[in-house]
Amino acid sequence: MTDTAEPTVFFNPLEPGYTENPWPHFAELREHDPAHLSPIERWFLFTYDDCARLLRDPALSVDDVNIEFHDEARVAMFEAAFDPEEATRSMLGLDAPDHTRLRRLVSKAFTPSAIAALRPMIEERVDAALDAMEARGSAEVIGELAFPLPFDVISEMLGMPEADADQIAQWSSALVKTLDPIISEEEVNAAADAERKMGVLLDEVIAWKRANPADDLLTALIQAEEDGDRLTSRELRAQVQLLFVAGHETTVNLIGTGIYELLRHPEQAELLRNDPTLDANAIDELLRFVSPVQFSRRITLDDITFRDDTDQPKTIKKGMFVMASLASSNHDPAKWGPTAEELDLRREGAGQHLSFGSGSHYCLGASLAKLEAQAAIGRFVRRFPNAAVAGEPVWNGRINLRGLERLDVTL
Ligand code: HEM
């Protein structure tokens, strides 16, 4: 399944210090083995051009049934832990025509006007969080702002009944660990347990919502009917779970790590504070710089050759799992020039980052995430010009949805 060229470096995200600072690892791989076959039977692409091509190629799949080369140890752990009958089939893991059908149904709730209508509610929630911080003179940014904002917004959009937020947060945190390329048996078991429990809760919520329809996304999905095509109950549960988890586990990293980076780059925070016209570009640049989702995946349906214009062409066989390093692409000097590793809120073309992926699976929540981040980061920076990091921030230890778990600040 491999090419003949010997790799000179290995991608090892378990190396100590990786989550805190993965960037030098990417730089080394871009230079020495940009299309990299890892011992876990996965290819990794590290340059912007290769990743963009992979994500945009309609001849590739996202459906795991097409994988022919497996990491046997990983498969065995998943088969032992997850019930295949209950497997979640969200649009993120489905190809056309199922993907097209499900995405069209869900997209109806994410039109530009529907998202713009959320602005007052989002700003109100941000201001309430900032008021509480100001009254105290200090804050823990993740627990008080970066996490609750997207969590509450997606809960409200869906029309979830008041639920045990801590419990749900714990389940979704266990679930997203399965997006990491390397995972322990204990983590797989915790994810399967979380999926079962979340499934029971979501079934209860959906049943309750069927009896109590309202003006919300969950009701819209329940009632969705297009070309005579309803969502089956399992499809419905899978899309709701995807929206719920994708709706907050990613944006928390943009807001939390984004604020952290601005505190580490006070001259950039100052630019943003003084120039409201910078808001949109600043969020794109922070998306590029922190890359809240570090990898996206595709499965080859045919042999495909990358880097054939170089002296290191690599042919990836049909049926391989390929990971595009969005984070490495976002820091690739071949795309971004010599300042690729610098934060520059005025960067031209910052919006060409791959943080929301690309192609037919491009993030459905991109404009919602940007709206939340603009409100949270812009207002935080303007309200607290003297904010400073207090003590060491705590990283969440995740390889894919990398971000901070705790960020203490003085105001
Ligand atoms: C898909 C990133 C926020 C819903 C994706 C993908 C990425 C991504 C990389 C996969 C794209 C691909 O494979 O080509 C992010 C980031 C976010 C964010 C960085 C925040 C900063 C959100 C929010 C929601 C959301 C707030 C919903 C409320 C989705 C959905 C998909 C998706 C439904 C699947 C789309 C499909 O398969 O067609 N996102 N996301 N995301 N995201 Fe997001």
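Residues numbered from 1 in each chain as written. Predicted model: local features only at pLDDT ≥ 70, side-chain atom pairs only at ≥ 80, totals over all residues. Heavy atoms only, no water.

- The name an unreviewed UniProt entry gives the chain is Cytochrome P450, with Ilumatobacter coccineus as the organism.

**With respect to the overall build of the chain**
Point 1. Per the secondary structure count, the chain includes 18 helices and 11 strands.
Point 2. Considering only C-alpha atoms, the chain reaches an extent of 60 × 55 × 40 Å along its principal axes.
Point 3. Expressed as a percentage of its 411 residues, the buried residues of the chain come to 54%.
Point 4. Within the chain, residue pairs in contact and separated by at least 24 positions form 77% of the contacts whose partners lie at least 6 positions apart.
Point 5. Accessible surface computed for the chain: about 18000 Å², of which carbon and sulfur atoms make up 51%.
Point 6. Of the side chains in the chain, 40 bear a positive and 71 a negative charge, and the two mean positions are spaced by 3 Å. (Helix = DSSP H or I, 4+ residues; strand = E, 2+ residues; numbered from the N terminus. Buried < 20%, exposed > 50% of the residue type's maximum accessible area, 1.4 Å probe, protein only. Contact = heavy atoms within 4.5 Å. Areas by Shrake-Rupley, 256 points an atom, 1.4 Å probe, with all protein chains shown as cover. Lys, Arg positive; Asp, Glu negative; His and termini not counted. Charge placed at Lys NZ, Arg CZ, Asp CG, Glu CD.)

**Some remarks on the sheet that holds strand 11 (residues 408-410)**
The strands that make up a sheet are held in pairs by hydrogen bonds between backbone atoms, and each pair lies either parallel or antiparallel.
Point 1. Strand order across the open sheet formed by 3 strands is 3-11-8, with antiparallel pairing between neighbours. Edge positions in the sheet fall to strand 3 (138-140) and strand 8 (388-389), since each has one partner strand and no second. (Pairing = 2+ DSSP bridges.)

**Looking at the side chain of Glu235**
Point 1. In this structure, Glu235 sits in helix 12 (residues 233-249).
Point 2. Contacts of Glu235, omitting those with residues within four sequence positions, involve Arg101, Leu102 and Arg230.

**Details of the nonpolar core**
Point 1. Formed by 106 residues in total, the largest nonpolar core has its most connected members in Phe110, Ile122, Leu145, Leu262, Ile377 and Phe380.
Point 2. Of the residues forming this core, the biggest block, 10 residues, is contributed by helix 18 (residues 366-383).
Point 3. Not counting the four nearest positions on each side in its chain, Leu262 is found in contact with Gln268, Ala269, Leu272, Leu286, Leu343, Leu345, Ile377 and Val381. (Core = buried A, V, L, I, M, F, W, Y, C linked by side-chain atoms within 4.5 Å.)

**A word on the site of the ligand**
Point 1. The local shell around the ligand holds 28 residues, among which His99, Arg103, Ser296, His361 and Cys363 are the closest.
Point 2. Of all the secondary-structure elements, those providing two or more residues to the shell around the ligand are helix 4 (98-107), helix 12, helix 13 (251-264), strand 4 (295-299) and helix 18.
Point 3. With 3 residues, helix 12 is the single largest residue contributor to the shell around the ligand.
Point 4. Split into classes, the residues belonging to the shell around the ligand amount to 15 nonpolar, 11 polar and 2 charged. (Near = heavy atom within 4 Å. Nonpolar A, V, L, I, M, F, W, Y, C, P; charged D, E, K, R; others polar.)

**So, the pattern of salt bridges**
Point 1. One pass over the structure, following the stated rule, counts 31 salt bridges.
Point 2. A salt bridge links Asp50 to Arg307, with the shortest nitrogen-to-oxygen separation between them at 2.7 Å. In this pair, Asp50 is assigned in helix 2 (residues 48-56) and Arg307 in the loop between strand 5 (304-306) and strand 6 (314-316), connecting sequence segments 257 residues apart.
Point 3. You can call Asp50 buried: its relative accessible area is 8%.
Point 4. The salt bridge involving Arg379 is made with Asp127; its shortest N-O contact spans 2.6 Å. Of this pair, Arg379 sits in helix 18 while Asp127 sits in helix 6 (residues 119-136), placing them 252 residues apart in sequence.
Point 5. The exposure class assigned to Arg379 is partly exposed, which follows from its relative accessible area of 28%. (Salt bridge = Lys/Arg side-chain N within 4 Å of Asp/Glu carboxyl O.)

**Description of the environment of Gly199**
Point 1. With respect to the helices and strands, Gly199 occurs in helix 10 (residues 185-211).
Point 2. It is 30 Å that separates the C-alpha atoms of Gly199 and Phe69, two residues lying 130 residues apart in sequence.

**Side note on the layout of surface pockets**
Point 1. Of the voids in this model, the second largest pocket is the one considered here, and its volume is about 480 Å³.
Point 2. What lines the second largest pocket is a set of 19 residues, among which Ile142, Phe147, Ala169, Ser173 and Glu405 lie closest to the centre.
Point 3. Those elements that provide at least two residues to the lining of the second largest pocket are helix 7 (141-146), helix 8 (148-158), helix 9 (165-176), helix 13 and strand 10 (404-406).
Point 4. Looking at the lining of the second largest pocket element by element, the count peaks at 5 residues for helix 9.
Point 5. Counted by class, the lining of the second largest pocket contains 8 nonpolar, 5 polar and 6 charged residues. (1 Å grid on protein atoms, 1.4 Å probe; cavity = no way out; pocket = protein on both sides within 12 Å on 5 of 7 lines; lining within 4 Å. Points joined across faces, edges and corners; volume = space filled by probe spheres on them.)

**What to know about the sheet that holds strand 2 (residues 42-45)**
Point 1. Pairing in this open sheet of 4 strands is mixed, and the strands run 1-2-7-4 from one edge to the other. The open sheet has two edge strands with one neighbour each: strand 1 (35-38) and strand 4. For this sheet, the mean inter-axis angle between neighbouring strands, taken without regard to orientation, is 25°.
Point 2. In terms of strand pairing, strand 1 meets strand 2 through 4 bridges, oriented antiparallel. Residue pairing in the sheet places Ser38 in a bridge with Arg42 of strand 2.
Point 3. This element, helix 2, spans strand 2, strand 4 and strand 7 (321-325) of the sheet and lies at about 130° to strand 7. (Axes fitted to C-alpha atoms, helices over the stretch in contact; angles between N-to-C directions.)

**A look at empty space enclosed by the protein**
Point 1. The final tally for this structure, using the stated rule, is 1 cavity of 30 Å³ or more.
Point 2. Considering only enclosed or pocket space, the largest cavity measures out at about 30 Å³ in volume.
Point 3. Lining the largest cavity we find Leu272, Asp279, Ala282, Ile283, Gln374, Ile377 and Gly378.
Point 4. Of the residues that constitute the lining of the largest cavity, the class distribution is 4 nonpolar, 2 polar and 1 charged.

**Focus: helix 18**
Point 1. Helix length check: helix 18 (18 residues) gives 25 Å between terminal C-alpha atoms against 26 Å at 1.5 Å per residue, within 8%.
Point 2. Of the positions making up helix 18, those classed as buried are Ala366, Leu368, Ala369, Leu371, Glu372, Ala373, Ala375, Ala376, Ile377, Gly378, Phe380 and Val381. (Expected span 1.5 Å × (residues − 1).)

**Looking at the packing of helix 4 against helix 12**
Point 1. It is the contact of helix 4 with helix 12, at a shortest axis distance of 12 Å, that shows an interaxial angle of 60°. It follows that helix 4 is oblique to helix 12 by the angle criterion. In terms of crossing hand, the pair formed by helix 4 and helix 12 is right-handed. Side by side, helix 4 and helix 12 meet where Arg101, Leu102 and Val106 of the first sit next to Glu235, Gln239 and Leu243 of the second.
Point 2. Residue composition of the contact of helix 4 with helix 12, grouped by class: 3 nonpolar, 1 polar and 2 charged. (Parallel < 35°, antiparallel > 145°, perpendicular 65-115°, else oblique. Left-handed = near helix turned anticlockwise from the far one by under 90°.)

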